[in-house]
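An overview of the molecular structure
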Amino acid sequence: MDLVLQQIVNAVSLGGIYALLALGLAVVFSIVSLINFAHGELMTVAGYGMFFALAVSLPFPLALLLAVSVAVIAALLTERFAFRPMRKADVTGLLLTSFAVSAILRVIFQNGISARPKPVPLPAGLTGVVEIGSLHIGIVPLLSIVTAALSLALLLLFLKHTTLGKAMRAAAEDFEVLRLMGIKANRVIAMAFAVSGVLAGIAAVLWIAQRGSVDPLMGFVPVLKAFVAAVIGGLGSLSGAVAGGFALGILEVLFQAFLPDAALPYRDAFVLSFVILILVWRPDGLIPAPVSRRS
Amino acid sequence: MTSFRFAVLAGAMFFAAAPALAEDITIGLATAQTGGLAFADQPSLVGFKIAVDEINARGGLGGKYKITLDIKDTRTDTATTVQAAQELVAAGVKVLITPCDADPSIAAGQISQPAQIPTFTFCGTTPTIPDAVGDYMFGTYPADNAQAAILAEHAVAKGYKTGYILKSPDSAYTLKLPEYFAQAFTKKGGQMLGEGTYTMGQQDFAAEVTKIKALNPQPDFIMTAAYEPDFPAFLQQLRGAGITAPVLGSDGIDSPTTTGLGAIADGIVHTTAGFPSEGSKLAAFYESFKTATGNAPETVYVATGYEIPYIIDAAVTAAGTMDGPALRDAIANLKDVEVVTGKVTYAGTNRMPSRDITLVEIQGGARKSILLATPNPADVPAP
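Here the structure is a predicted model, which is why all the values come from computation and not from measurement.

Turning to the overall build of chain A, a few remarks are in order. Each helix and strand in chain A was counted, giving 11 helices and 4 strands. In summary, chain A has a C-alpha radius of gyration of 19 Å against a globular reference of 19 Å for 295 residues, a match within 12%. If one aligns the C-alpha atoms of chain A with their principal axes, the spans along those axes are about 60 × 50 × 35 Å. For chain A, buried positions account for 54% of its 295 residues. Long-range contacts, defined as pairs at least 24 residues apart, comprise 73% of the intrachain contacts of chain A with a sequence gap of at least 6. Accessible area for chain A stands at about 12,700 Å²; split by element, carbon and sulfur atoms hold 72% of it.

Written as structure tokens, this is what we have:
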């Protein structure tokens, strides 16, 4: 029983990070039909923000704030200089643009900062463990769960109760009508990128807390997971992205914990097979977007 | 000064400074300056270039062959590496350098082997690289099985009786190094209590840690070749679960991230190609590197890259020629070449050199060298 509870905590904490990542992709996709594969590089930017902040010995909370801010700035810059000029392009064109942005950023990190990983040491208090009964719960996974829940709640409030949030939801349903209502397209789109930047920044902080370093290629794995999660959930659907993130996290942890030893090296194959089953069952994802787009 | 004396002096200087017989030769580098291997190939190239400049200032390889470099970026792509190797071989390079990984090195070696061009992998550690290619292929960096042998020797010396390994089938390094270790440790009388598997890039080690925690009796130590980001995540969760067994690691964790982990990193012992102990040649090299570039080297790869031209120089001096077969034989017969991280020997090996390896221990956020030795060839598991 303890083992099961322990694994549930692990699954929720990993799922929370995936949910934040998938949501970051979904916010942008729902509005401009772009799967932003440079989303992982926004995380890397946040990681370097944290590294440089700690290197000049800023206090830890300030470093976190700075990390999220640079991710937002980077998101807005890529929107302004890469994606806005390509707005009239079709889905494939946008997709390729995001690959290009991602590749360019990675080479800039490698040649401009360092090809070597840079350490991001956590304050000693964060690496500990909380004992609840016979459960050992790491402080980092616990913080991941709390942070993910808080971020999702705040995003929900923003989308439901602010004009810009409502505009973003409307844009996801019918962009042309939204423009006819007199809402500036550029503002809504920039806002979507800014929100995705915030989500990438928060996810980066949680991701780095587990790995202790930032390197130029760090964003590759998370963006792939986020993409899978967003597809499971239903591309373009915000609640779907969250559901997909948790589903992927739970699947990964369950297979890791309960597969027999001989099958463990094939864990990812099992996870992805299960994902295929989900898609056979619900081709548009767990919670499809109102206007379904399969890209 | 009379014009006659001036002419004699100038003539003498001309002959002394620039032997008229000096020949320019080209070394080709098909290495990954961008992409997933850049973390190793970039610093290796930095060191390599410094050594080439020094050797050229002294008159070139063997005192007579000035080196020009032809550098191609393979972008960590094996097909691009092959293409680069083909271009370099066609351009007539005398020596070829390949990336820090087995796959592209073996692929590039297939091109240079029939052309009789001695080829070195920058820092590939897989001990089967030379045999997979042929007699023109050489390694330079401490091989996986040699690192495993030194670690096993340390475990036995510490009095450890039982061990546990954590490995990942995702790369030869993360899979074979722990397996070589288990082989060497059991051969010396130790006992393995079990092994765990992980996927590279997985953030969550709770399942593996729970498995180790359930072992009764607990192992005397845990050995792994995991490196970042896996190693920090594993260590945090291991110590978080209250497991206190010491951890043995390999050169993959020779980075500032490991010491940045704080108190939980205390007691880790791992192998490395070299450590700048006070008064060592490596420390002196790091110092002059810092003076020349303004930055301290980020990794020992700078030093191992720096050593390769000197290994080539020693071979050219012995051979007296840049001719392929003669140079190949000269490299294969090198013995105790002094380089900045210790001594390197090719004679009697399968062209993966027998060389000094350093063991370091982490205490209080800093590393300390605890052993510098060449593993006994009899103790090194067969590749």
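Still to come is the rest of the account.
All names here are of chain B. Taken in spatial order, the 7 strands of this open sheet run 7-6-8-9-10-14-15, and their pairing is mixed. Where the open sheet ends on each side, the last strands, each with one partner, are strand 7 (191-197) and strand 15 (366-373). The average angle at which neighbouring strand axes cross in this sheet is 25°, direction not considered. Of the pairings in the sheet, the one linking strand 9 (residues 247-249) to strand 10 (residues 269-272) comprises 2 bridges and is parallel in character. Counted as the bridge partner of Gly-249 is His-270 from strand 10. Against the sheet, helix 6 (residues 144-157) engages strand 8 (221-224), strand 9, strand 10, strand 14 (357-363) and strand 15, with an angle of about 55° to strand 14.

What follows is about the pattern of salt bridges. Residues and elements named next belong to chain A. In the structure shown here, the tally under the stated rule is 19 salt bridges over all chains. The partner of Glu-79 in a salt bridge is Arg-87, and the shortest N-O contact between them spans 2.9 Å. The class for Arg-87 is partly exposed, based on a relative accessible area of 29%. Put simply, Arg-267 and Asp-268 hold a salt bridge, and the shortest N to O gap is 3.2 Å. Residue classification places Asp-268 among the partly exposed residues on the basis of a relative accessible area of 30%.

Residue and element names in this part refer to chain B. Relative to each other, helix 3 (residues 78-90) and helix 4 (residues 102-112) sit at 30°, their axes nearing to 9 Å. The angle between the axes of helix 3 and helix 4 places the two elements in the roughly parallel class. Crossing angle aside, the handedness with which helix 3 passes helix 4 is right-handed. Note on element contacts: helix 4 touches helix 3 through Asp-103, Pro-104, Ala-107, Ala-108, Ile-111 and Ser-112, opposite Thr-78, Thr-81, Val-82, Ala-85, Gln-86 and Val-89. Class assignment of the residues belonging to the contact of helix 3 with helix 4 gives a composition of 7 nonpolar, 4 polar and 1 charged.

It is worth spelling out helix 4 of chain B at this point. Within the sequence span of helix 4 of chain B, burial applies to Ala-102, Pro-104, Ser-105, Ala-107, Ala-108, Gly-109 and Ser-112 of chain B. Close packing links the buried residues of helix 4 of chain B with helix 3, strand 3 (95-98), strand 4 (119-121), helix 5 (129-133) and strand 5 (137-138) of chain B.

Moving on to the side chain of Asp-215 of chain A. Its location among the elements puts Asp-215 of chain A in the loop between strand 4 (213-214) and helix 9 (220-233). A distance of 2.7 Å separates polar atoms of two side chains, one belonging to Asp-215 of chain A and the other to Arg-211 of chain A.

Here we come to the confidence of the model for chain B. Counting all residues, the mean pLDDT for chain B is 89, and 94% of those residues have values of 70 or more. Segment residues 13-20 of chain B is flagged for pLDDT under 50; beyond a separation of four residues in sequence, or across chains, it makes 1 contact in the model.

By the definition in use, this model includes 23 aromatic pairs over all chains. On the basis of an interplanar angle of 15° and a centroid distance of 4.9 Å, the ring pair of Phe-37 of chain A and Phe-99 of chain A is categorised as stacked. Taken as a pair, Phe-37 of chain A in the loop between helix 1 (2-32) and helix 2 (39-55) and Phe-99 of chain A in helix 4 (residues 91-113) lie far apart in primary sequence, 62 residues in all. When its relative accessible area of 12% is taken as the criterion, Phe-37 of chain A is described as buried. The exposure class of Phe-99 of chain A is partly exposed, given its relative accessible area of 40%. Members of the aromatic cluster, joined through ring pairs, are Phe-285, Tyr-286, Phe-289, Tyr-306 and Tyr-310 of chain B. Taking the ring centre of Phe-81 of chain A as reference, the NZ or CZ of Arg-80 of chain A above it sits at 5.7 Å.

Criteria and cut-off values
Residues numbered from 1 in each chain as written. Chains lettered and ligands numbered in written order. Predicted model: local features only at pLDDT ≥ 70, side-chain atom pairs only at ≥ 80, totals over all residues. Heavy atoms only, no water. Helix = DSSP H or I, 4+ residues; strand = E, 2+ residues; numbered from the N terminus. Rg over C-alpha atoms; globule rule 2.2 N^0.38 Å. Buried < 20%, exposed > 50% of the residue type's maximum accessible area, 1.4 Å probe, protein only. Contact = heavy atoms within 4.5 Å. Areas by Shrake-Rupley, 256 points an atom, 1.4 Å probe, with all protein chains shown as cover. Pairing = 2+ DSSP bridges. Axes fitted to C-alpha atoms, helices over the stretch in contact; angles between N-to-C directions. Salt bridge = Lys/Arg side-chain N within 4 Å of Asp/Glu carboxyl O. Parallel < 35°, antiparallel > 145°, perpendicular 65-115°, else oblique. Left-handed = near helix turned anticlockwise from the far one by under 90°. Nonpolar A, V, L, I, M, F, W, Y, C, P; charged D, E, K, R; others polar. Polar contact = N/O pair within 3.5 Å; in protein donor to acceptor, adjacent residues only side chain to side chain. pLDDT = per-residue confidence, 0-100. Phe/Tyr/Trp six-rings, centres within 6.5 Å; stacked < 30°, edge-to-face > 60°. Lys NZ or Arg CZ within 6 Å of the ring centre and 35° of its normal.

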